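The chain contents come next:
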Amino acid sequence: MITVIGGVYREVVVREQWDEYFGSAGRAAEAITKLGSEVELSTYLDADAKVSIANRNRDQRYRISFQEVERVPRFNYIHGLGQPSIVAASGRHPTLQVKADRAVIFGMLAGNAEVDADYVVYDPQNVDGPQGFMHSGSRANHLALILNRYEAAMIMDMDPLAPAEDLARAIAEREAAEVVVLKGGPYGAVVLHNGELDMVSSYQTSSVFKVGSGDVFVAVFAQGWLEEGLTPVAAADRASRATAFYVENRYPPTAEDLANFKPEPVKVSERGKSDDARYLAKVYLAGPFFTMGQLWVIEEARRSLASMDIQVLSPYHLVGPGPADEVVAEDLRYLDESDLVLAIGDGMDAGTIFEVGYAKARGKPVIFYAENEVGEDIKMLEGSNCQMVKDFPTAIYKTVWEAMAL
């Protein structure tokens, strides 16, 4: 039995047409159960969340113990890579008290858990001031921490740009953790175990649904390490492949799904492996910025790429609008300096199409993101081997994957 402790939240993603009650603990319980393990979910539920979870668990595949609350938090996203607006829960909830043999614990927005367990996998979650396990009031004889670089740096009061190895070793010592898995998004994960450091790859997919991907990683790692006795490195690699399955299909895999799923590891050049931003590929961000909506998409693309350590050459930010004799030469100079292009194509802006052609003539890869353009309008783009993408998160990830390989 694996006990999963954490929040169940309502998740609404406008562009990906998603409106579900999952949250970290709800999704982890589902993922571990689908791999064949017995699960008990310990959480907070309001009336609507209780109905949603019960409907999904009609055959009682896993047990549920919960404290009823007036309202669970709601996360509202425009797109899956966006910063959510959070409708907070109704007050601070009483602490969950759990005793278990093996447990998966997630940090929560409106509550806390005090867990006494032999084996624990702990993810502090990226909430305001993520909390280390040693300060959560819980106890474990064997502890694995799974967190991202930002969370580790916040807990340790270190620079988020510090080398991953330094962050992993520092938090392992402070938290008395046997295992630390430091997630790096498309760059894979660093696994620290018994003083040894290993890298686990991330995997490429045909599409990317990002919301909840970290929950699936934690759940599948925990099932492999706690239940199947996999080494931390093997469990992390299995979790990485399961996460790729999830972001491509929007649901966690069964064991059979995983056995049949053969994604390609993300290719990383020597430049892409560097911790020094000077050596990362440069992306030219082409697209119109003449209306509020156009500018919003440019800003979202720039922010999303920068959050994954990509250098963004944005003509709007570096040159700005102006007459041709003032901006064209500068725009083309930045295009020449770039390694690849992400083009925002809806509307088929003439300047953007010119920049795409210019880049292709110089042999630069182009990712062309357009949700509404079809047929004759995009024939030349498709025929010149631009990567055509119809949703925003996938366009960002395909750009990052391409940049990492250069």
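Preceding this section is the structure that the text describes.
If you're wondering where the values come from, they're calculated on a predicted model, not measured in any experiment. Within each chain, residue numbers correspond to sequence positions counted from 1 in written order. Totals for whole chains, interfaces and linings use every residue, but because this is a predicted model, local features are given only for residues with pLDDT of at least 70 and side-chain atom pairs only at 80 or more, for both listing and counting. Hydrogens and water molecules were not included; the side-chain quantities draw on all heavy atoms of the structure.

Draft legend 1. Up close: helix α1 (residues 23-34). Compared with the 16 Å implied by 1.5 Å per residue over 12 residues, the 17 Å span of α1 between its first and last C-alpha is a close match. Summarising burial for α1: 11 of the 12 residues are buried, a large majority. Secondary structure is summarised from DSSP: a helix means a run of H or I of at least four residues, a strand means a run of E of at least two, and numbering begins at the N terminus for each. Note on α1: the residue one or two positions beyond its end, G36, has a positive phi of about 100 degrees. Helix span, as expected, comes to 1.5 Å for every residue beyond the first. Under the scheme applied here, a residue whose accessible area is under 20% of the maximum for its type counts as buried, over 50% as exposed, and between as partly exposed, the area being computed with a 1.4 Å probe on protein chains only.

Draft legend 2. The arrangement of the sheet that holds strand β15 (residues 311-313) in detail. The parallel open sheet is built from five strands, whose spatial order is β15-β14-β16-β17-β18. The open sheet is flanked by β15 and β18 (387-389), the only strands paired with a single partner. In this sheet, neighbouring strand axes are inclined to one another by 25 degrees on average, regardless of whether the strands run parallel or antiparallel. Two strands are said to pair when DSSP picks up at least two bridges between them. Bridge count between strand β16 (residues 340-344) and strand β17 (residues 366-369): four bridges; the pairing is parallel. From the neighbouring strand, A343 faces β17, where its bridge partner is F368. Contact between two residues is taken to exist if any of their heavy atoms lie within 4.5 Å; hydrogens are not considered. As a rule, the C-alpha atoms of each element are fitted with a line to give its axis, helices using only the stretch in contact, and angles between N-to-C directions run from 0 to 180 degrees. Across the sheet, helix α10 (residues 324-337) lies against β14 (282-286), β15 and β16, angled at about 140 degrees from β14, the strand it touches most.

Draft legend 3. Structural detail: the packing of aromatic side chains. By convention, a stacked pair of Phe, Tyr or Trp rings (six-membered ring in the case of Trp) has centres within 6.5 Å and planes under 30 degrees apart, an edge-to-face pair has planes over 60 apart, and any other such pair is tilted. On inspection of all chains with the given rule, the structure shows 14 aromatic pairs. Relative to F209, the ring of W18 lies with its centre 4.8 Å away and its plane at 50 degrees, an arrangement referred to as tilted. Of this pair, W18 sits in strand β3 (residues 18-21) while F209 is found in the loop between β13 (196-200) and α5 (213-227), placing the two residues 191 residues apart along the sequence. Judged on exposure class, the residue W18 and its partner F209 are both buried. An angle of 75 degrees between the planes, with centres 5.8 Å apart, marks the rings of Y369 and F392 as edge-to-face. Note that Y369 is positioned in strand β17 and F392 in helix α13 (residues 392-405), a separation of 23 residues in sequence. In terms of burial, Y369 and F392 fall into one category: buried.

Draft legend 4. Molecular detail of empty space enclosed by the protein. A 1.4 Å probe that fits into a set of points on a 1 Å grid over the protein atoms alone but cannot get out defines a cavity; an open set with protein on both sides within 12 Å along at least five of seven lines defines a pocket, and lining residues are those with an atom within 4 Å of a point. Grid points are joined across faces, edges and corners, and a volume is the space filled by probe spheres set on the points. Tallied over the entire structure, the rule returns two cavities of 30 Å³ or more. The space that makes up the largest cavity amounts to roughly 60 Å³. Each residue gets one of three labels, nonpolar for Ala, Val, Leu, Ile, Met, Phe, Trp, Tyr, Cys and Pro, charged for Asp, Glu, Lys and Arg, and polar for the others, Gly among them. Its residues placed into classes, the lining of the largest cavity shows nine nonpolar, four polar and no charged. Each pocket or cavity is described by its volume, and for the second largest cavity that value is around 30 Å³. Taken together, Y122, P124, G132, F133, L145, L147, I155, I171 and E175 make up the full set of residues lining the second largest cavity. Elements with a minimum of two residues in the lining of the second largest cavity: β10 (139-148) and α4 (164-175). Of the residues assigned to the lining of the second largest cavity, the class counts are seven nonpolar, one polar and one charged.

Draft legend 5. Representation of the nonpolar core within the structure. Within this scheme, the nonpolar core is defined by two criteria: the residues are buried Ala, Val, Leu, Ile, Met, Phe, Trp, Tyr or Cys, and they are joined through side-chain atoms within 4.5 Å. The biggest cluster of nonpolar side chains holds 112 residues, and the ones touching the most others in it are V4, F221 and L342. A per-element tally of this core places α5 first, with nine residues. For V4, the residues in contact, after removing those within four places along its chain, are A25, A28, A29, I32, V39, E40, L41, S42, V104 and F106. With 17 residues, the next largest nonpolar core counts A286, V341, A370 and L381 among its residues.

Draft legend 6. Local environment of the side chain of E16. Its place among the elements puts E16 in the loop between β2 (10-13) and β3. One buried charged residue, E16, remains without a salt bridge, the closest side chain of opposite sign being R250 at 5.9 Å. Among residues more than four places away in sequence, those in contact with E16 are I78, H79, G80, F209, R250 and P393. We count Lys and Arg on the positive side and Asp and Glu on the negative side, and we leave His and both chain ends out. Whenever a carboxyl oxygen of Asp or Glu lies within 4 Å of a side-chain nitrogen of Lys or Arg, that contact is scored as a salt bridge.

Draft legend 7. Representation of the pairing of strand β4 (residues 39-45). A large share of β4 lies buried, amounting to six of its seven residues. Where strand β1 (residues 2-5) lies against β4, four bridges are found, and the strand directions are parallel. Within the sheet, the bridge partner assigned to V4 lies in β4 and is L41. Sheet topology places β4 next to strand β5 (residues 63-68); six bridges connect them, and they run parallel. Looking across to β5, one finds that T43 is bridged to F66.

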